[in-house]
Amino acid sequence: MAKNYRKTLFNDAVQALQERHGSRASYARMDEGADGTPDRLTAKELDYIALRDSFYMASVNGDGWPYMQHRGGPAGFLKHIEGNRLGFADYRGNKQYISTANLAGNDRVSLFLMDYPNRERLKLVGHAVSIELADDPAAATALMPEGYRATPERAFFIDVIGWEWNCSQHITPRFTEAEISAAIRPMADEINQLRAELAALRSTKEEK
């Protein structure tokens, strides 16, 4: 059960608004017994994470401003290390280093993982640490997807303390080029077969 996610984020101000709008009682019942123990990642969450080719990561800077960054790569580039620990290689980019700097002052992060075709989303919160390539080359290289053409600069490790699934409401389905190609392949094969049959019929007719 994803109790610690809500215990972590449902502070007094949130609970007051829930009380005002009538949802507090139902959440309180769901979260009975929440004691701060991290929500354990189960096979369902880990299987979902392994299929993602992107996610969004939020951090907070020293002035209190939130920052959201997109991370992408081959499916499974966000890897399960052990227990509730995840990791990914941070590739060389535009050299802004905002997330990396934010984590030096506040290690809290929030991850948002989307599955647009199936209209699913998974939210994670946890504590993150970055390790520079120069300090531990093996940490970053071990997280690199095999055969992926990118240059790692550091490794990110995230210890998840809470997770929650969201409902599918208001998620607009979107599909990648590969997903669309796979979906229309049977139709394309049938069209090619019909074209071949039509060509054969025309050839037979011309011979007569």
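In this text, all values refer to a predicted model and were calculated from it rather than measured experimentally.

Cut-offs used in this document
- Once a new chain begins, its residue numbering starts again from 1 and follows that chain's sequence as written.
- A pLDDT threshold of at least 70 governs which residues receive local features in this predicted model, and a stricter bar of 80 or more applies before side-chain atom pairs are shown or counted, although totals over entire chains, interfaces and linings include all residues.
- The basis for every side-chain value is the complete set of heavy atoms in the structure, and neither hydrogens nor water enter the calculation.
- Any two strands with at least two DSSP-identified bridges between them are counted as paired.
- Secondary structure elements are defined from DSSP: runs of H or I of at least 4 residues count as helices, runs of E of at least 2 residues count as strands, and each element is numbered from the N terminus.
- Fitted lines through C-alpha atoms give the axes, limited to the stretch in contact for helices. The angle between two N-to-C directions lies from 0 to 180 degrees.
- Every residue pair with non-hydrogen atoms within 4.5 Å of one another is taken to be in contact.
- What counts as a salt bridge is simple: a side-chain nitrogen of Lys or Arg found within 4 Å of a carboxyl oxygen of Asp or Glu.
- Relative accessible area decides the class of each residue, using a 1.4 Å probe on protein chains only: under 20% of the type maximum gives buried, over 50% gives exposed, and in between gives partly exposed.

**Looking at the sheet that holds strand β4 (residues 85-91)**
Stage number 1. In space, the 7 strands of this open sheet follow the order β2-β1-β5-β6-β7-β4-β3, with antiparallel pairing throughout. The strands lining the two open edges of the sheet, one partner per strand, are β2 (66-72) and β3 (79-82). Strand-to-strand twist in this sheet, taken as the mean axis angle between neighbours without regard to direction, amounts to 35°.
Stage number 2. With 7 bridges connecting them, β4 and strand β7 (residues 152-166) associate as antiparallel partners. Bridging from a neighbouring strand, G87 pairs with F157 of β7.
Stage number 3. Against the sheet, helix α4 (residues 43-51) contacts β3, β4, β5 (108-115), β6 (120-132) and β7, and its axis sits at roughly 75° relative to β6.

**What about the pattern of salt bridges?**
Stage number 1. Enumeration according to the criterion identifies 10 salt bridges in this entry.
Stage number 2. Ionic pairing is found between R85 and D159, a salt bridge with its closest N-O pair at 2.9 Å. Here R85, found in strand β4, pairs with D159, found in strand β7; they are 74 residues apart in sequence, far enough to count as distant.
Stage number 3. The structure contains a network of salt bridges with shared partners spanning R71, D90, R92, E132, E153 and R154.

**A word on the environment of E32**
Stage number 1. With respect to the helices and strands, E32 occurs in the loop between α3 (24-30) and α4.
Stage number 2. On the basis of relative accessible area, E32 is assigned to the exposed category, the value being 54%.
Stage number 3. For the pair E32 and K3, spaced 29 residues apart in sequence, the C-alpha separation works out to 8.3 Å.

**A word on the pairing of β6**
Stage number 1. With 8 bridges connecting them, β5 and β6 associate as antiparallel partners. Directly across from V109, in β6, lies its bridge partner G126.
Stage number 2. The antiparallel hairpin formed by β5 and β6 contains 4 residues in its connecting segment, where R119 sits at a positive phi of about 55°.
Stage number 3. In this sheet, β7 lies alongside β6 in antiparallel orientation, the contact comprising 12 bridges. The residue bridging V129 from the neighbouring strand is F157, located in β7.

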